[in-house]
Amino acid sequence: MDYKDLANLIFPNVKDISYYEEKYPERDLPEGAIVTRFAPSPTGFVHIGGLYQALVAIEVSKKTKGVFFLRVEDTDQKREVENGVTDIVNSLKDFGMAPDEGMISDTEEIGNYGPYKQSLRKDIYQAYAKYLISQGKAYPCFCTPEEGEEIRKKQEAAKIRPGYYGIWAKCRNITVEEAAEKIKNGEHYIIRFKSPGREDRKIKHKDIIKGNVDFPENDLDIVIIKADGLPTYHFAHAVDDHLMRTTHVIRSDEWLSSVPLHLQLFHELGFKTPKYAHISPIMKNDNGNKRKLSKRKDPEAAVSYYKEQGIPVNAVKEYLLNIANSTFENWRRANPDKPMEEFDFQLNKMSVSGALFDMVKLLDIGKTVISKMSAEEVYENSLEWAKQFDNELADMLKDKEYALKVLGIERGNKKPRKDIAKWSDVKENIEYMYDEIFYNKKQEYPYQVISDKESIEKILTLYMEKYYDENDDKQTWFDKIKALTGEMGYATEVKEFKANPGKYTAHVGDVSTVIRVALTSRTNTPDMYEIMQVLGKSCVEKRLKKAIENLK
Ligand code: GLU
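**Student:** Is there a simple way to think about the packing of helix α20 (residues 474-488) against helix α23 (residues 528-535) in this case?
**Tutor:** When two helices pack together, their arrangement is given by the angle between the helix axes and by the axis-to-axis distance. Where α20 meets α23, the closest approach of the two axes is 10 Å, and the angle between their N-to-C directions is 110 degrees. One way to sum up the angle between α20 and α23 is to call them roughly perpendicular. Along its contact with α20, which presents K474, W477 and I481, the element α23 presents M528, Y529 and M532. Tallied by class, residues from the contact of α20 with α23 come to five nonpolar, no polar and one charged.

**Student:** Help me understand the sheet that holds strand β5 (residues 138-141), please; the structure alone is not making it clear to me.
**Tutor:** Paired through backbone hydrogen bonds, the strands of a sheet run either parallel or antiparallel to each other. Strand order in the open sheet formed by three strands is β5-β6-β9, and the pairing between neighbours is antiparallel. Of all the strands in the sheet, just β5 and β9 (223-225) have a single pairing partner and so form its edges. Each strand of the sheet is rotated relative to its neighbour by a mean of 45 degrees, with strand direction disregarded. As judged from the two bridges shared by strand β6 (residues 190-193) and β9, these two strands associate in the antiparallel manner. Looking across to β9, one finds that I191 is bridged to I225.

**Student:** Would you explain the sheet that holds strand β2 (residues 67-70) in this entry?
**Tutor:** The four strands are arranged β1-β2-β3-β4 in an open sheet whose pairing can be described as mixed. Each edge of the sheet is formed by a strand with only one pairing partner; in this case those strands are β1 (35-38) and β4 (109-110). One ladder, built from two bridges, connects β2 with strand β3 (residues 101-103); its direction is parallel. Within β3, the residue paired with F69 across the bridge is E101. Where helix α4 (residues 84-94) meets the sheet, its contacts fall on β1, β2 and β3, and the angle it forms with β2 comes to roughly 145 degrees.

**Student:** How do you make sense of the site of the ligand when you look at a structure like this?
**Tutor:** The environment of the ligand is made up of R37, A39, P40, S41, E73, Y233, R251 and W255. E73 is positioned with one of its side-chain polar atoms (N or O) 2.7 Å from a nitrogen atom of the ligand. With the chains in place, 83% of the 300 Å² that the ligand exposes on its own is no longer accessible. Looking at side-chain class alone, the shell around the ligand contains four nonpolar, one polar and three charged residues.

**Student:** Would you mind showing me how to read the side chain of N322 here?
**Tutor:** Assignment of secondary structure puts N322 in helix α11 (residues 313-324). In this structure N322 comes out as buried when scored by relative accessible area, which is 12%. The residues contacting N322, other than those within four sequence positions of it, are F328, E329, K361 and I365.

**Student:** Explanation requested: a positive patch on the surface in the structure shown.
**Tutor:** Positive charge collects at one region of the surface, where K367, K372, K415 and K418 lie side by side. With respect to the helices, strands and loops of the structure, K418 is situated in the loop between α16 (400-407) and α17 (426-430). K418 sits in the partly exposed class, given a relative accessible area of 45%.

The rules behind these values
- Residue positions within a chain follow its written sequence, with the count starting from 1.
- Given that this is a predicted model, residues contribute local features only at a pLDDT of at least 70 and side-chain atom pairs are listed and counted only at 80 or more, while totals for whole chains, interfaces and linings are drawn from all residues.
- As a rule here, side-chain values cover all heavy atoms of the structure and leave hydrogens and water aside.
- Whenever a helix is involved, its axis is fitted only over the stretch in contact; in every case the axis is a line through C-alpha atoms, and angles between N-to-C directions fall within 0 to 180 degrees.
- To qualify as a helix, a DSSP run of H or I must reach at least 4 residues; to qualify as a strand, a run of E must reach at least 2; elements of each kind are numbered from the N terminus.
- Working rule for angles: under 35 degrees goes down as roughly parallel, over 145 as roughly antiparallel, 65 to 115 as roughly perpendicular, anything else as oblique.
- Should any heavy atoms of two residues lie within 4.5 Å, those residues are counted as being in contact.
- For this scheme, ten residues count as nonpolar: Ala, Val, Leu, Ile, Met, Phe, Trp, Tyr, Cys and Pro. Four count as charged, namely Asp, Glu, Lys and Arg, and the remainder, Gly too, count as polar.
- Strands were regarded as paired on the criterion that DSSP finds at least two bridges between them.
- Here, proximity means that at least one heavy atom of the residue falls within 4 Å of the molecule or strand.
- Nitrogen and oxygen atoms within 3.5 Å of one another constitute a polar contact, given that in protein one can donate a hydrogen and the other can accept it, and given that sequence-neighbouring residues count only through two side-chain atoms.
- Note on areas: Shrake-Rupley, 1.4 Å probe, and residue coverage restricted to the protein chains presented here.
- Working definition: with a 1.4 Å probe on protein chains only, accessible area under 20% of the residue-type maximum means buried, over 50% means exposed, and in between means partly exposed.
- A patch consists of residues whose relative accessible area exceeds 30% and which take part in no salt bridge; residues with like charges are grouped when within 9 Å of each other, and nonpolar side chains (Val, Leu, Ile, Met, Phe, Trp, Tyr) when within 5 Å.
- In the sections that follow, a salt bridge refers to a side-chain nitrogen of Lys or Arg positioned within 4 Å of a carboxyl oxygen of Asp or Glu.
- Two residue types count as positive, namely Lys and Arg, and two as negative, namely Asp and Glu; His and chain ends fall outside the count.
- Charged side chains are reduced to one point each, which is NZ for Lys, CZ for Arg, CG for Asp and CD for Glu.

Written as structure tokens, this is what we have:
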């Protein structure tokens, strides 16, 4: 009996690997095209770090006219959660990051290199495991979990490296006959890789992001096929990324230390090794300490958070590019209007240590992104968000014509308004433009510099009776506020006010504030002329009268 016989005994019904090698040929792509993937496990919510990895993968594949595919790694079925795959697929879709190939729903996929869900690839893994056994490079291991535990305890007591290796790898040297005997007797087993490595030797690896790294060789006889017949991550990675013709493995740096093992697996399987790029995690500043963004502690770790908050998709993507390549910020400054896709993303310029997540910066990008949108775009996005998350806002937006006017205030000009960072800001930003809400809210008037009731009443009355004319153009409108300022005895120019301390009690800006507060209950709003145009004459007059009344 030889290794081949043992392999046939263990996997009698699987195909020869030549079948798969032919079925999944080298891809016919232009020189330099990068084939890469996002390979999450459906074990819970999609983490922003996952989206970050996927975005990086998409950037490099698109730039090189390559392929980006989505593979679902569901071999740890105990950890799988309901809707796990759907959540992953939808998150990518929400961010306009749908893959070229791979899973497109829980059950459907596109592309010629599938199945793209690992649990459907059992036969393939077993074919390659069989191949390794037939070469004497893998073997059945009959150790029970209790025996495994015993080994671990002994190693711990002796203070030596834990794991199944060297003299501890009890089943490594079982003869083929003995193994066959045990199998025929119905003993349970798993399949282990017979590592050719030695811990006292080093390997050198050049990672695209981390640069040159040295590791001891792997000497662990790791499990490749588990008791349930499914592969471990390590084995599935080698088989899948080979057969799917991945050129670049872009993944989290938690896997960096597994590179020696992975290189060995590729080598023993006779596969060409892919290039590796290990991405550092996104970090968070927690009271001066840098730590990973945590699923448990940080709501912003979940991709769903951005959707719920209504942070624009492009803001999130731009922000992620920002932390991926520090050169992005300068590029954006020099090219404020170019689509971010034109940025020349460089995988090898990613930070070696983790980038810090900065919500303030993200929201700032949100403001810029939204400031560049047309009223129509802001309307559509807000409405879509509101339908899902805020009925009140959805109601406000029902009158589309009016909403477009409101959202169009200070938009589409050279210096557009920048006060909306996310769709959940819209309501707060525009609600005073709606009478139903304006009059329903308690009107508190923080009148600021001019705060005595008499002056306020005089300003508002004069303005309404003498100066306000709905048909004025912006210059005339402003000249009239100046005239009113003069009539009140305040400085009509801020410059003049500053040059003559003590001479005036207020200036034209303070008069504007009085009118602004009366009309909106706020001290800070976009352009007041535009606001008044949108509100219209009867609404403006009603609000001014009400403000005067409220003074009494
Ligand atoms: N399923 C692995 C994970 O979620 C994927 C690692 C990889 O991209 O190869 O960590």
